[in-house]
Amino acid sequence: QVLSDVFNAPVFTIDTANSACLGSAYRAIHGLVAERNVSLADAVKLAPEPRLAVTPTPGAEQLYHPLLKRYAELEQKIIYNPASSC
């Protein structure tokens with residue numbers, strides 16, 4: 001639910017063990033076949049059907065949107081001036 005609220009997006013899951021690794025594997029397959037103009041959708045067409053797990057909580061975007069902006073600003077500060085972050 002937290003990911004859905006923070007990023008204001010629905011979260012889908014698949015019924016398989018270690019689905020994060022499976023997602024990485026599909027992206028790797030897509031990378032291998034991308035030079036042949038194969039879309040990601042085609043590369044994962046044999047993947048299990050995703051199931052909607054949660055949707056964003058109404059109003060959560062108002063809370064998290066400013067925080068995401070601030071997080072991005074802090075991240076850029078650390079990337080471009082790592083000595084000052086200590």
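Residues numbered from 1 in each chain as written. Predicted model: local features only at pLDDT ≥ 70, side-chain atom pairs only at ≥ 80, totals over all residues. Heavy atoms only, no water.

**Considering the overall build of the protein**
This is how the line gets drawn: Numbering of helices and strands runs from the N terminus; a helix is a DSSP stretch of H or I covering at least four residues, while a strand is a stretch of E covering at least two. This radius of gyration counts C-alpha atoms alone. The globule rule is 2.2 Å times how many residues there are, raised to the power 0.38. When accessible area is computed with a 1.4 Å probe and restricted to protein chains, residues below 20% of their type maximum are described as buried, those above 50% as exposed, and intermediate ones as partly exposed. Should any heavy atoms of two residues lie within 4.5 Å, those residues are counted as being in contact. For every accessible area listed, the method is Shrake-Rupley and the probe measures 1.4 Å; residues are considered covered only by the protein chains on display.
Broken down by element type, the protein carries four helices and two strands. The globule rule puts the C-alpha radius of gyration for 86 residues at 12 Å, and the 18 Å found for the protein is more than 25% above it. Considering the protein as a whole, with its 86 residues, one finds that 9% of them fall into the buried category. Taking the intrachain contacts of the protein between residues at least 6 apart in sequence as the baseline, contacts between residues at least 24 apart amount to 66%. Total accessible area computed for the protein in this model is approximately 7000 Å², and 61% of it derives from carbon and sulfur atoms.

**Quick look at unusual backbone geometry**
Positive phi outside glycine occurs at asparagine 8, with the angle close to 50°. Within the secondary structure, asparagine 8 sits in the loop between helix H1 (2–7) and strand E1 (11–13). Since its relative accessible area comes to 38%, asparagine 8 is described here as partly exposed. The backbone of asparagine 37 shows a phi angle near 60°, a positive value even though the residue is not glycine. Positionally, asparagine 37 belongs in the loop between helix H2 (19–33) and helix H3 (40–43). For asparagine 37, a relative accessible area of 74% gives the class exposed.

**Topic: the environment of lysine 77**
Structurally, the position occupied by lysine 77 is in helix H4 (residues 60–80). Look at lysine 77 and you get exposed, because its relative accessible area is 52%. Between the C-alpha atom of lysine 77 and that of proline 50, which follows or precedes it by 27 residues, the distance is 37 Å.

Spatial relationships are all this shows, so hold off on functional conclusions.
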